[in-house]
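Examination of the molecular architecture
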Amino acid sequence: MDFQEIISKLELQPHEEGGYYSLPERSNIEILSREGNIRKEWSTIYYMLTADSPINFLNANASDIVHIYHSGLPLKYLLVNLDGELECHTLGPNIKKGHKLKMIVPGGYWKSGFLEYMFSHEYSLISEVVVPGWEREDMVIITEKEIADRFSEKSSLNRLLLPYCKKQHTKSVMPNNYSFTKHNSEVFLPP
């Protein structure tokens, strides 16, 4: 089955982060979030990168997300943890090569994913389990300015992350003074 057939069968739509997604399931249970909002307890997402959309642009989510590999090529991840340190991971089928079948990305981490190899018919299909459930307002796309502001002293990290930044954003989609609250402690993101 090629990626166009999978996109059709799973009813995937283009995602602003890059790639394709659908939100097939949400919990029937509602909870009160840390911010005092009513939220679904969890949600699941199908997410696919393809040769025509091979990058999950640098972004951050408020919620913890479990990424689960399903099929296709290995998916490389760049994560920037809360201390501003880079982590590299591969989600894929070959555990002998160090691939992970699942990976947790904590809320507040910056993340970008991309196909390890690129061929015209290739893809990587994963699921994401988001707790509490995914809401659009929990996700921010990281801009070039935010990278420069956060990593001005770490120019090599700045240069490494820029190719994974969505270019058409000319202004920040992150509200002023935005921060994530994680386990009752403030998590720093660029002011």
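Residues numbered from 1 in each chain as written. Predicted model: local features only at pLDDT ≥ 70, side-chain atom pairs only at ≥ 80, totals over all residues. Heavy atoms only, no water.

1. Digging into empty space enclosed by the protein
One way to see where empty space is left: roll a probe the size of a water molecule over the atoms. Here the structure, examined in full by the defined rule, presents two cavities of 30 Å³ or more. Its boundaries defined by the atoms lining it, the largest cavity holds a volume of some 80 Å³. For the largest cavity, the full set of lining residues is His15, Glu17, Tyr21, Ile45, Tyr47, Asn61, Ile65, Lys111, Glu128 and Trp134. By residue class, the composition of the lining of the largest cavity is five nonpolar, two polar and three charged. In terms of lining residues, the second largest cavity is bounded by Ala60, Asn61, Ser63, Ile65, Val105, Pro106, Gly107, Tyr109 and Lys111. Grouping the amino acids of the lining of the second largest cavity by side-chain chemistry returns five nonpolar, three polar and one charged. (1 Å grid on protein atoms, 1.4 Å probe; cavity = no way out; pocket = protein on both sides within 12 Å on 5 of 7 lines; lining within 4 Å. Points joined across faces, edges and corners; volume = space filled by probe spheres on them. Nonpolar A, V, L, I, M, F, W, Y, C, P; charged D, E, K, R; others polar.)

2. Brief notes about the confidence of the model for the chain
Per-residue pLDDT for the chain has a mean of 83; in total, 84% of the residues score no lower than 70. Taken element by element, the chain is modelled with least confidence in strand β15 (residues 185–187), mean pLDDT 28, and with most confidence in strand β10 (residues 102–105), mean pLDDT 97. Across residues 169–191 the pLDDT falls below 50, and counting only partners more than four positions away or on other chains, this stretch makes 45 contacts in the model. (pLDDT = per-residue confidence, 0-100. Helix = DSSP H or I, 4+ residues; strand = E, 2+ residues; numbered from the N terminus. Contact = heavy atoms within 4.5 Å.)

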